[in-house]
Amino acid sequence: MSARAESLAKQFEAKAAEMTAVVAKLSDADWKKITSAEKWPVGVTAHHLARGHEGILGIVKTIAAGKSIPNFTTAMLDEMNATHAREHAGCTKAETLALHEKGAAAAAATVRALSDAELDQSGTVLTGMPAMTTQQVVEGILINHINDHLGSIRKTVGA
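From a predicted model like this one, the values you see are computed outputs, not experimental measurements.

Chemist: Would you mind going over helix H3 (residues 42-64) in detail, with residue names and values included?
Modeler: With 23 residues, H3 should cover 33 Å at 1.5 Å per step; its first-to-last C-alpha distance of 32 Å lies within 8% of that length. A bend of about 35° at Gly52 is the largest found in H3. Summarising burial for H3: 17 of the 23 residues are buried, a large majority. Phi turns positive, to about 80°, at Gly66, one or two residues after H3.

Chemist: So what's going on with unusual backbone geometry? Residues and values would help.
Modeler: Keep in mind that most residues, glycine aside, have a negative phi and that most peptide bonds are trans. Although it is not a glycine, Lys39 adopts a positive phi angle of roughly 65°. Structurally, Lys39 can be placed in the loop between helix H2 (28-32) and H3. Backbone geometry at Asn71 places phi at a positive 50°, although glycine is not the residue there. Examined against the element boundaries, Asn71 turns out to sit in the loop between H3 and helix H4 (74-87). Looking at Asn71, the relative accessible area reads 62%, which means it is exposed.

Chemist: Can you tell me about the environment of Val22, naming the residues and giving the values?
Modeler: Topologically, Val22 is positioned in helix H1 (residues 3-24). For Val22, a relative accessible area of 10% puts it in the buried group. Once the C-alpha coordinates of Val22 and Ala159 are considered, the two residues, 137 residues apart in sequence, prove to be 7.6 Å apart. Setting aside residues no more than four positions away along its own chain, Val22 makes contact with Leu150, Ile153 and Arg154.

The rules behind these values
- Residues numbered from 1 in each chain as written.
- Predicted model: local features only at pLDDT ≥ 70, side-chain atom pairs only at ≥ 80, totals over all residues.
- Heavy atoms only, no water.
- Helix = DSSP H or I, 4+ residues; strand = E, 2+ residues; numbered from the N terminus.
- Expected span 1.5 Å × (residues − 1).
- Bend = angle between axes of the 7 residues up to and from the residue.
- Buried < 20%, exposed > 50% of the residue type's maximum accessible area, 1.4 Å probe, protein only.
- Contact = heavy atoms within 4.5 Å.

Right, here's the structure in full:
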């Protein structure tokens, strides 16, 4: 087992636990408040976070295998996120927490299993952006995704 991978998995698990704690305490009124950053209801933002684990995990696996994400642009990412927000406008806290728990467990297990060589692999994630190592994807995308959106949720609900 890689000590770096273990450390990254623990960092992710800590952020995921923080998300669980914040989302579990949200009231029905909080769930419907609109975030200033995303311009989505808090519930949709939480669901976006929960669903994001799976997609980001796909990126982690691709880069760890020494490949790149072909022809993926920020415009495509923005459209995927907008579509998700529309399709999950009525999501519930229970389904969001279940999705989050499942995705977080899978992400932590995958990160924990990475070797140092896999963490050092690099590839292009977004077209036109510099290549990233797997470790950078885990830190900058997987973990930071929670930091960014959870920060927005907290700001919106005053948590």
